[in-house]
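The primary structure of each chain is shown beneath.
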Amino acid sequence: MSQHDTKVIAFCGKGGAGKTSLCALVVKYLMETQKKILAIDADPAAGLSWALGVNPAKTLDDLRQTLSESISNKKVQSNDELFALAHYELLSSLIENNGFDFLSVGRPEAEGCFCSINAFLRHSIHTLVAHYDYVCIDGEAGLEQVNRRVLEKVTHLVIVSDTSKRSIAIAHNLFTLAKQRTQTMHCGVIINKWGDSNCELKELPVLGLLPISQTIAAFDAAGKSLIAMSNDDAYYIKVKEVMKNFV
Amino acid sequence: MLHLDIKECLDSLYTRKKIKTFNVKDYSPWQLSNMQQMIFKDETGAQLGGPYGSLSLACIYNDVVDGRLTLIGDEKFSPQSVWGRLTLVSAPIENENDYYTHLQELTLLPLKNSMEGVMIRIQPSEYKEWIRIHNDHIKKNNIVTMMAQLYQWYKQKEWVQALEFVIITTSSDDVAMLQPLVEKQKSIIKAFEKRVAEDIKQCDSCDNNDLCKEINLLFQKG
């Protein structure tokens, strides 16, 4: 019931770099700390729900549509009613799991202006998030979509890159943009699928180099939740080490 | 007409088993909190309504016994149950605006205040209410103390002359007995909105003519 000094960790980076698996394993790691955790799938591909083994019936986009229709149909007549509706629907969209809670953002918005509704939603999410110790957001490629559609106050940004030149260039851009936006946010880069590559990392603030994980590939192939990954798995142990220092 | 509908509904509800009456004025109200509560599933000792089915509405009504709580179900909390709440309020009604704003205030009032260990969520247009009680508060409190606090909040409105509650926690079928009142309330509010929004000169040709006659009777009764 009490309010927390919430750490909001967002994962960004080029598609295919491994953001979703990493985010899921960070949720697994944080579960070990017995803290209150909210996982948010902000990627329209909705991979985090698979990786965490949850099946959301409602997304924030559904909620956005509900609010929009309620305004159009004049079912809500005041801001107070809209807030009441947003809080109710947000709670009904929340999957309350053992060890972590989960919200799915859903597909990108339909045509039309959702600015005012997004503002109501962000307020409701902000109120909800204040009750968690950690929020892990699996984002789209960039941070802007996370800010616009989910939450403005990201405290920790993890940029995930593989060893390809393009992915590293995107990581550079994201890091530069993040630093331009705020000096207070903690920001670091994880190079995923690290082999014998000698790629140039320049001045990127590298948090860690993670190897290619056969376990993740096997779990993905079988459609299994990464929460079930062994605590002794070498990749998972490395993720824990990296994140322990970062958050 | 709504008054007769309410009376009919109450008469049916009073035939239910497990019916108890309380005077909430005789009970210490639930302790207050100065912040809105968020109660997660793993902290929840009791859950009322929400996904388990709920209907909650307030009606302006004259024949009210101030402070009476008619409870269909048990006053002790069970882990989860359906939730029906009919709040009957005696209040002077002078115009459309009064009626509409009073109903809005009555509906949203639980969100403007807070009880320690009680989370209330409301879906106003669907008349849904979802209440979670924290584990730490289920033993020393019950539905009567919760309604005693709600009573105090409502009574702080200077226009509330008297109010009583009917609470249903027994079954979805029992809660559904409030549905006709909800439908009537929806149609009355719709008619009110039309009256306020449009300058209707030909009442005889208006779809809401019958309802408006009832609305006029509400003013007379108020």
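Residues numbered from 1 in each chain as written. Chains lettered and ligands numbered in written order. Predicted model: local features only at pLDDT ≥ 70, side-chain atom pairs only at ≥ 80, totals over all residues.

### A short note on the sheet that holds strand 2 (residues 37-41) of chain A
Residue and element names in this part refer to chain A.
- Pairing is mixed in the open sheet, where eight strands are placed in the order 3-4-2-5-1-6-7-8. The sheet is open, and its two edges are formed by strand 3 (95-96) and strand 8 (206-211), each paired on a single side.
- In this sheet, strand 5 (residues 134-138) lies alongside strand 1 (residues 7-13) in parallel orientation, the contact comprising five bridges. Within strand 5, the position partnered with Phe11 by the bridge is Asp138. (Pairing = 2+ DSSP bridges. Helix = DSSP H or I, 4+ residues; strand = E, 2+ residues; numbered from the N terminus.)

### Here we look at the interface of chain B and chain A
- Contacts between the two partners involve 18 residues from chain B, matched on the other side by 16 residues from chain A.
- For the side of chain B that touches chain A, the elements supplying multiple residues, two or more each, are helix 2 (96-112), strand 7 (118-123) and strand 8 (128-134) of chain B. (Contact = placed C-beta atoms within 7 Å.)

### Some words on the nonpolar core
- Judged by nonpolar contacts, the single largest core of 126 residues is most densely connected at Val26, Val27, Ala39, Val135 and Cys136 of chain A together with Cys59 and Met147 of chain B.
- Among the elements that line this core, the one with the most residues is helix 1 (residues 19-32) of chain A, at eight residues.
- Leaving out residues up to four positions away in the same chain, Cys136 of chain A has contacts with Ile9, Cys23, Val26, Val27, Ile37 and Ala39 of chain A. (Core = buried A, V, L, I, M, F, W, Y, C linked by C-beta atoms within 7 Å. Buried ≥ 20, exposed ≤ 12 C-beta atoms within 10 Å, placed from the backbone.)

### Some thoughts on the confidence of the model for chain B
- Considering every residue of chain B, the mean pLDDT works out to 89; 91% of them sit at 70 or more.
- In the predicted complex, the global pTM is 0.86; the interface-specific ipTM is 0.84. (pLDDT = per-residue confidence, 0-100.)

### Some thoughts on unusual backbone geometry
All names here are of chain B.
- You will see that Lys18, though not glycine, has its phi angle at about 55 degrees, which is positive.
- For Lys18, a count of 13 C-beta atoms within 10 Å corresponds to the partly exposed category.
- With a phi close to 60 degrees, Tyr127 is a non-glycine residue in the positive phi region.
- Residue placement: Tyr127 occurs in the loop between strand 7 and strand 8.

### Remarks on the sheet that holds strand 4 (residues 68-72) of chain B
All names here are of chain B.
- Taken in spatial order, the five strands make up an open sheet running 1-4-9-6-3, and their pairing is mixed. The open sheet terminates on both sides in strands that have one partner only, identified here as strand 1 (19-23) and strand 3 (54-60). Sheet twist, expressed as the average angle between the axes of neighbouring strands with direction ignored, equals 15 degrees.
- In the sheet, strand 1 pairs with strand 4 via five bridges, with the strands oriented antiparallel. Following the sheet pairing, Lys20 is matched in strand 4 by Leu71.
- Helix 3 (residues 143-155) contacts strand 1, strand 4, strand 6 (83-90) and strand 9 (162-168) of the sheet and is inclined by roughly 150 degrees relative to strand 9. (Axes fitted to C-alpha atoms, helices over the stretch in contact; angles between N-to-C directions.)

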